[in-house]
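Structural features, examined
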Amino acid sequence: MSTTFKQGYEFKRRAELCNRIKKQHPDRIAIIIETQPNSKLAINRKKFLAPREISMAAFIIEVRKHSSNLRPEEAIFLFCGGGNNGAMVSTSQTLEQIYEKHKDEDGFLYI
């Protein structure tokens, strides 16, 4: 079983990292993507920096680019907020709208 980003780093370190990213890239959102244990999605990175104004649909396209095993006809379902309490969001919403509603205490958006 792999560890999650939150399990791998204590809160203080995660918050400092996110604050540093926000200072360097104020027009971007720091996102952590983690797959569920039963997911078929294999993604080669966990951390993303995405423009605030892009839609979730456009972000899904970016995630697909980093998937090593997803066929074009297979769907991706992204849940925001992390854990078992994650919420599915509209693909027409901007990442900024999603971030404001689902950001974590440490400043990252967990998907």
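Structure first, text after, so check above.
Residues numbered from 1 in each chain as written. Predicted model: local features only at pLDDT ≥ 70, side-chain atom pairs only at ≥ 80, totals over all residues. Heavy atoms only, no water.

1. Remarks on the side chain of Ser67
For clarity, the cut-off: Numbering of helices and strands starts at the N terminus; helices are DSSP runs of H or I of at least 4 residues and strands are runs of E of at least 2. Burial classification: accessible surface area is computed with a 1.4 Å probe over protein chains only, and a residue below 20% of its type maximum counts as buried, one above 50% as exposed, and the rest as partly exposed. We call two residues in contact whenever any of their non-hydrogen atoms come within 4.5 Å of each other.
Within the secondary structure layout, Ser67 lies in the loop between helix H3 (56-65) and strand E3 (79-80). For Ser67, a relative accessible area of 13% puts it in the buried group. Not counting residues within four places of it along the chain, the set of residues in contact with Ser67 comprises Leu41, Ala42 and Ile43.

2. Here we look at the state of the cysteines
Here is the rule we go by: In this description, the term disulfide denotes a pair of cysteine sulfurs within 2.5 Å.
Following the criterion strictly, the structure yields zero disulfides and no others. As a non-bridged cysteine, Cys18 has Cys80 as the owner of its nearest cysteine sulfur, 15 Å distant. By relative accessible area, Cys80 is classed as buried at 1%.

3. Overview of helix H2 (residues 11-24)
Under the convention used in this document: What a helix should span is 1.5 Å times the count of its residues minus one. An arc is given here, and it is the one of the directions from the helix axis to the C-beta atoms.
Given a rise of 1.5 Å per residue, 14 residues ought to cover 20 Å, and the 20 Å separating the end C-alpha atoms of H2 matches this to within 8%. Among all positions of H2, only Arg14, Ala15, Leu17, Cys18 and Ile21 are buried. Viewed along the axis of H2, the buried residues span an arc of 160°, placing them on a single side of the element. Exposed side of H2, more than 90 degrees from the buried face: Lys12, Arg13, Lys23 and Gln24 are the residues found there.

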